[in-house]
Amino acid sequence: TRERLLAVGVTAAMVGALLSRRRVAQGLLALSRLASSAAASPTAPLSGCLYRYKHPSWPAPLQAFESPAAHAHRKYCVYIGGLTDGLLACSYVEALGAALDERGWSLVQPVLSSSYAGFGCSSLQRDADELAQLLRHIADREEGDAEFALVGHSTGCQDAVTLLRTAPPELRCRVRAAVLQAPVSDRESQTVEQDSDGSRGRLLAEAEAKLAAGEGEALLSQKYYGFVPISASRFASLVGRDGPDDLFSSDFTDERLAAKLGHMGLAGQRATAPSHPGLRTLFCFSGGDEHMLEADAYSFILGEVIT
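Attention here is on the structure that accompanies the text. Each chain carries its own residue numbering, running from 1 in the written order of its sequence. Side-chain atom pairs in this predicted model are given and counted only at pLDDT of 80 or more, local residue features only at pLDDT of at least 70, and totals for whole chains, interfaces and linings cover all residues. Each side-chain value is derived from all of the structure's non-hydrogen atoms; neither hydrogens nor water enter the calculation.

Concerning the overall build of the protein chain
Line of reasoning, step 1. Helix and strand counts for the protein chain stand at 11 helices and 7 strands.
Line of reasoning, step 2. Three exposure classes are used, based on accessible area relative to the maximum for each residue type with a 1.4 Å probe and protein chains only: buried under 20%, partly exposed in between, and exposed over 50%. Burial status across the protein chain gives 50% buried among its 307 residues.
Line of reasoning, step 3. Working rule for contacts: check all heavy atoms of both residues, and any pair within 4.5 Å makes them a contact. Considering only contacts in the protein chain between residues 6 or more positions apart, those separated by 24 or more positions represent 69%.
Line of reasoning, step 4. Summed over its atoms, the accessible surface of the protein chain is roughly 14100 Å², and 53% of this surface lies on carbon and sulfur atoms. Numbered from the N terminus, helices here are DSSP runs of H or I no shorter than four residues, and strands are runs of E no shorter than two. Each accessible area is a Shrake-Rupley result for a 1.4 Å probe, and residues are judged covered by the shown protein chains and nothing else.

Below, the structure written as structure tokens:
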């Protein structure tokens with residue numbers, strides 16, 4: 001519907017006009033005008049090419065789905081879903097693929113070790129390593145002639161942030177834009193959700209005890225969401241304070257936020273990759289997000305933490 005298409009418009013305009021604020025604004029205006037008439041139009045199925053990619057040290061390959069099936073694009077938008085997501089993570093992905101194709105971009109949807117129910121025994125760093133290998137695979141295939149944008153949804157935002165902090169400089173220099181759609185704090189979202197039986201607190205205590213005993217990879221006694229086996233380290237990262245997943249909490253100081261997010265701008269990238277040609281980051285908050293505190297609580301992110 002209209003809200004979904006506007007979200008697609010924001011993303012497509014961002015990755016289609018990386019270096020021009022004016023073109024971004026013009027694109028958003030045009031897309032918003034089209035949203036009403038397009039809202040009732042059915043979305044065409046997404047066609048593409050499914051392929052494998054693998055690091056030499058991995059025991060088995062992973063997969064990625066690239067759309068459209070045949071194209072001459074050299075720009076790739078990597079879409080990263082959140083917890084329990086895989087292919088077609090959100091309802092707007094098909095429309096996003098079509099909008100990107102019109103602007104000279106290919107859409108790539110990776111299937112990571114953490115996809116679907118795998119996140120409970122994975123980590124952001126593992127995701128970032130797997131995504132870095134995907135970028136390397138595409139860049140090698142294109143003989144070095146490839147640029148990327150990252151679009152993260154929910155925990156996919158944390159993946160994008162982690163990738164842009166830890167990937168080798170030569171890969172980060174190829175990433176020209178990052179769109180963080182629905183970036184929320186898992187820790188703070190737990191305060192929005194009900195915990196009538198106190199199980200969340202008990203599980204966090206169990207996870208912290210296992211971590212203290214050096215058993216971070218041990219599974220907890222209760223499944224996450226009721227169906228996902230989860231390790232002590234991942235649960236503590238999601239629910240505990242200041243862990244790897246805790247990147248967008250509104251109670252952090254500016255200094256702590258700068259340490260976590262300062263690399264998401266060009267100045268932050270050039271601190272470790274001096275030849276970076278340019279990086280732009282767009283935060284897209286979902287106004288009706290049931291996992292989000294009041295939007296004003298997140299205004300700090302749009303200040304001077306990222307330059």
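This is not the end of the story, as more comes after the structure.
Some details on the packing of aromatic side chains
The description of an aromatic ring pair rests on the distance of the ring centres and on the angle between the ring planes.
Line of reasoning, step 1. Only centres within 6.5 Å qualify two rings of Phe, Tyr or Trp (six-membered ring in Trp) as a pair; their planes then separate them into stacked at under 30 degrees, edge-to-face at over 60, and tilted for everything else. A full pass over the atoms with the stated rule returns 9 aromatic pairs.
Line of reasoning, step 2. Ring-pair connections join several aromatic residues into one group, and the members of that group are Phe-119, Tyr-224, Tyr-225, Phe-227 and Phe-235.
Line of reasoning, step 3. The criterion for a charge sitting over a ring is simple: Lys NZ or Arg CZ within 6 Å of the ring centre, and within 35 degrees of the ring normal. A cation sits over an aromatic face here: Arg-187 above Phe-252, 5.5 Å from the ring centre.

Observations concerning helix H4 (residues 124-141)
Line of reasoning, step 1. By this rule the span expected of a helix is its residue count minus one, scaled by 1.5 Å. Between the first and last C-alpha of H4 there are 26 Å, a value that for 18 residues agrees with the 26 Å anticipated at 1.5 Å per step.
Line of reasoning, step 2. Where H4 is concerned, the buried positions are Leu-124, Asp-127, Ala-128, Glu-130, Leu-131, Ala-132, Gln-133, Leu-134, Leu-135, Ile-138 and Ala-139.
Line of reasoning, step 3. In the segment just after H4, Glu-143 is the residue with positive phi, at about 55°.

Details of the packing of H4 against helix H5 (residues 155-166)
Line of reasoning, step 1. Where H4 meets H5, the axes come as close as 8 Å, and the angle between the chain directions of the two elements is 70°. Put simply, H4 runs roughly perpendicular to H5. When you trace H4 past H5, the crossing you get is right-handed. Contacts between H4 and H5 involve Leu-124, Gln-125, Asp-127, Ala-128, Leu-131, Ala-132 and Leu-135 from the former and Thr-155, Gln-158, Asp-159, Thr-162, Leu-163 and Thr-166 from the latter. Each axis is a line fitted through C-alpha atoms, and for a helix only the stretch in contact is used; angles between axes span 0 to 180 degrees, taken between their N-to-C directions. Any angle that is under 35 degrees is reported as roughly parallel, and any over 145 degrees as roughly antiparallel; angles of 65 to 115 degrees are reported as roughly perpendicular and all others as oblique. Less than a right angle of anticlockwise turn of the near helix away from the far helix marks a crossing as left-handed, whereas a clockwise turn marks it as right-handed.

Section: a nonpolar patch on the surface
Line of reasoning, step 1. A contiguous nonpolar surface patch, about 260 Å² in accessible area, is contributed by Leu-87, Leu-88 and Tyr-116.
Line of reasoning, step 2. As for its position among the elements, Leu-88 is in the loop between strand S3 (75-80) and helix H3 (93-102). Patches here: salt-bridge-free residues with over 30% relative accessible area, like charges joined within 9 Å, nonpolar side chains (Val, Leu, Ile, Met, Phe, Trp, Tyr) joined within 5 Å. The salt bridge definition used is simple: a Lys or Arg side-chain nitrogen within 4 Å of an Asp or Glu carboxyl oxygen.

Notes on the nonpolar core
Line of reasoning, step 1. What makes a nonpolar core is a set of buried Ala, Val, Leu, Ile, Met, Phe, Trp, Tyr and Cys residues whose side-chain atoms join them at distances within 4.5 Å. Residues Val-78, Val-108, Leu-134, Phe-148, Leu-163, Leu-180 and Phe-248 are the most contacted members of the largest nonpolar core, which totals 37 residues.
Line of reasoning, step 2. Per-element tally for this core: the top contributor is H4, with 6 residues.

What about the pairing of strand S4 (residues 105-111)?
Line of reasoning, step 1. Among the 7 residues in S4, 7 count as buried, and that is most of the element.
Line of reasoning, step 2. The alternating pattern of S4 places Trp-105, Leu-107, Gln-109 and Val-111 and Ser-106, Val-108 and Pro-110 on opposite faces, both of which are buried.
Line of reasoning, step 3. A pair of strands is labelled paired if DSSP reports no fewer than 2 bridges between them. Of the pairings in the sheet, the one linking strand S2 (residues 62-67) to S4 comprises 5 bridges and is antiparallel in character. In the sheet register, Ser-67 faces S4, and the bridge partner there is Leu-107.
Line of reasoning, step 4. Judged from the 4 bridges that link them, S3 and S4 form a sheet pairing that is parallel. By the bridge assignment for S4, Cys-77 is matched with Leu-107.
Line of reasoning, step 5. Read from S3 through H3 to S4, the crossover connection turns out right-handed. We call a crossover right-handed when, viewed with the strands running away from us, the connection from the first strand over the helix to the second turns clockwise.

Some points on the packing of helix H8 (residues 199-212) against helix H9 (residues 232-239)
Line of reasoning, step 1. It is the contact of H8 with H9, at a shortest axis distance of 8 Å, that shows an interaxial angle of 125°. As the angle between them shows, H8 and H9 are arranged oblique. The element H8 and its partner H9 pack so that their crossing is left-handed. Contacts from Arg-200, Leu-203, Leu-204, Ala-207, Lys-210 and Leu-211 in H8 reach Ala-232, Ser-233, Phe-235, Ala-236 and Val-239 in H9.
Line of reasoning, step 2. Looking at side-chain class alone, the contact of H8 with H9 contains 8 nonpolar, 1 polar and 2 charged residues. Put simply, Ala, Val, Leu, Ile, Met, Phe, Trp, Tyr, Cys and Pro go in the nonpolar bin, Asp, Glu, Lys and Arg in the charged bin, and everything else, Gly too, in the polar bin.

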